[in-house]
Amino acid sequence: MRPVAFFTWNAQTFAERWMRRGSVLLTALLRPLLYSANREFSTRVAHLVLRGVSRDRLDLLGEEYFHYDLQPYLKADGVRQLKQLVDSGAQVVLVSQGLEQVMKPLARHLGVHWLIANRLEFRDGIATGRLLDPVIRPRGFFARITGSGADGTRDAAWLALDLGLHSTGALHAAVIPAARQVPMQERPIVHFDHHRQKEPLSVRRALEGKKILLIGVTGFIGKVWLANTLMDLPEIGKIYLLIRRQKSNPAQRRFEKMVEESPVFDPLFERYGASLGQFLADRVEVVEGDVAQPELGLAQESAETLRGSLDLVINSSGLTDFNPDLRDALATNVDAALNVLEFVRRSDHAGLLHLSTCYVAGARDGRVSERLRSNYHPAAGEDFDAEREWHALHALISEAEQKAEGAEVTEELRRQALAKEHAAKDLHGASLENQIRKNRVRWLKNYLTDAGAKRAQELGWPNTYTLSKSLAESLIARFGTA
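Here the structure is a predicted model, which means the values were calculated and not measured.

A. Layout of the side chain of Ser347. Here Ser347 is to be found in the loop between helix 16 (326–345) and strand 12 (351–354). Given the relative accessible area of 10%, Ser347 is considered buried.

Below is the structure:
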């Protein structure tokens, strides 16, 4: 049964509250003229400024607007009478030219289940700025005097006329539920090689017996992934760990120390006790290498064996300093990722899982799609090319290194060395050159740290870390499908 009792609510439209600053002023200046010409058109224009705002953000802002701006001004007597009418079993509909994102919290507060309000069109969860039909226009200058009953009720025929609707049937068709609609989460299903799996997907069964190379196990996420996988998927075939040797500390010893000291492995100790060593030996193998080197720094025999047997390579490596030396950022977050990609491309059948970060979105407002976009950058310039940017940053590093060795910088570093309080005035020879060398290393690091941060901010990223991680994404997308 359709609701039949209509109530009007003169709320300030949601668009008037959250317009962008420049549009707000322009709309405010033009509104009287637009309303006098065509009320429906002016209502559409007022909502254009919401284009590009996500549904989630509008829902949240609508609830905040109701709680902070509308609810404090509700008349207690009017609210009490309306709730009594709802409790009596009457079918009540709230009607407003405001957006549904504002009116729904109001309706729920009053216990009303139905309303008529303006609705924005959304595509992929983002507002287009277009209002769906029917547009609920303002009711006109004399509407309060001529159209409302003492208790706020409206005759359906008169209300339809005020709103510019053709009939009471159109008015009833415009009624929507006041409950907030929760979008159904679609479960993405990927059919690899056009093969449809009839049985339910089982992670345990899918990874049973599989061989995986994990890069970056000494990092936080890598350690957690390894511990959880060994706890929950003991049927896994073999996990190879690519670990870099540190001077006299070999890769195997680094792994053993990590297991001994990291609390993430405590559940494994509790489950397997004294037999944990044998359990790890059966499922984990440490291979010494360096992701920053071609072929991942592996010995030729190890590289060939892995390329022929691996099912998956997980790249969890990365430098997480926000504004590091640009050389370190490129070497670890970009160049290393391409080394991994090349290794996978030359493998017999291995897939690649690359760990990035959501912060590659950069300085963006609202919802940002997780779909990988080629040559993405937050500033959204048309001429940006990730590969060209990557080469340009390496060229910048080469130029900085040459500049650091140049006569001008060298002379400045010499003055700095002689100006040191601890340095004697007769500092010369090897001692002076050694101090200049130290100053040169410091100068170059500071120069490239500042240059990386500056370039990142020019392109819309907050720091060098997010710039480098985003470049890696774009380059993987470009070369991974070639």
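B. Summary view of the nonpolar core. Core analysis: the largest hydrophobic core is formed by 24 residues, its most contacted members being Leu226, Leu230, Leu241, Phe255 and Leu268. Once residues lying within four places of it in the same chain are set aside, the contact partners of Leu241 are Leu213, Leu214, Val217, Leu226, Phe255, Val284, Glu285, Val286 and Val287. If you look at the next biggest cluster of nonpolar residues, it comprises 22 residues, including Leu338, Trp390, Leu393 and Ala456.

C. Quick peek at the packing of aromatic side chains. This structure, assessed with the given rule, holds four aromatic pairs. The interplanar angle of 40° and the centroid separation of 6.1 Å between the aromatic rings of Phe322 and Tyr465 together place this pair among those described as tilted. Here Phe322, found in the loop between strand 11 (312–315) and helix 16, pairs with Tyr465, found in helix 20 (residues 464–479); they are 143 residues apart in sequence, far enough to count as distant. Accessibility expressed as a relative area gives 54% for Phe322, which makes it exposed.

D. The sheet that holds strand 10 (residues 284–288), seen in detail. Spatially, 10-9-8-11-12 is the arrangement adopted by the five strands of the open sheet, whose pairing is parallel. Each end of this open sheet is capped by a strand with a single partner; those strands are strand 10 and strand 12. Sheet twist, expressed as the mean angle between neighbouring strand axes with direction ignored, is 20°. Direction of pairing for strand 9 (residues 238–243) relative to strand 10: parallel, over a ladder of five bridges. The residue bridging Tyr240 from the neighbouring strand is Glu285, located in strand 10. Contacting strand 9 and strand 10, helix 12 (residues 251–261) runs over the sheet at an angle of about 135° to strand 10. Seen against the sheet, helix 16 touches strand 8 (211–215), strand 11 and strand 12 and runs at an angle of roughly 165° to strand 12.

What counts as what
- Residues numbered from 1 in each chain as written.
- Predicted model: local features only at pLDDT ≥ 70, side-chain atom pairs only at ≥ 80, totals over all residues.
- Heavy atoms only, no water.
- Helix = DSSP H or I, 4+ residues; strand = E, 2+ residues; numbered from the N terminus.
- Buried < 20%, exposed > 50% of the residue type's maximum accessible area, 1.4 Å probe, protein only.
- Core = buried A, V, L, I, M, F, W, Y, C linked by side-chain atoms within 4.5 Å.
- Contact = heavy atoms within 4.5 Å.
- Phe/Tyr/Trp six-rings, centres within 6.5 Å; stacked < 30°, edge-to-face > 60°.
- Pairing = 2+ DSSP bridges.
- Axes fitted to C-alpha atoms, helices over the stretch in contact; angles between N-to-C directions.

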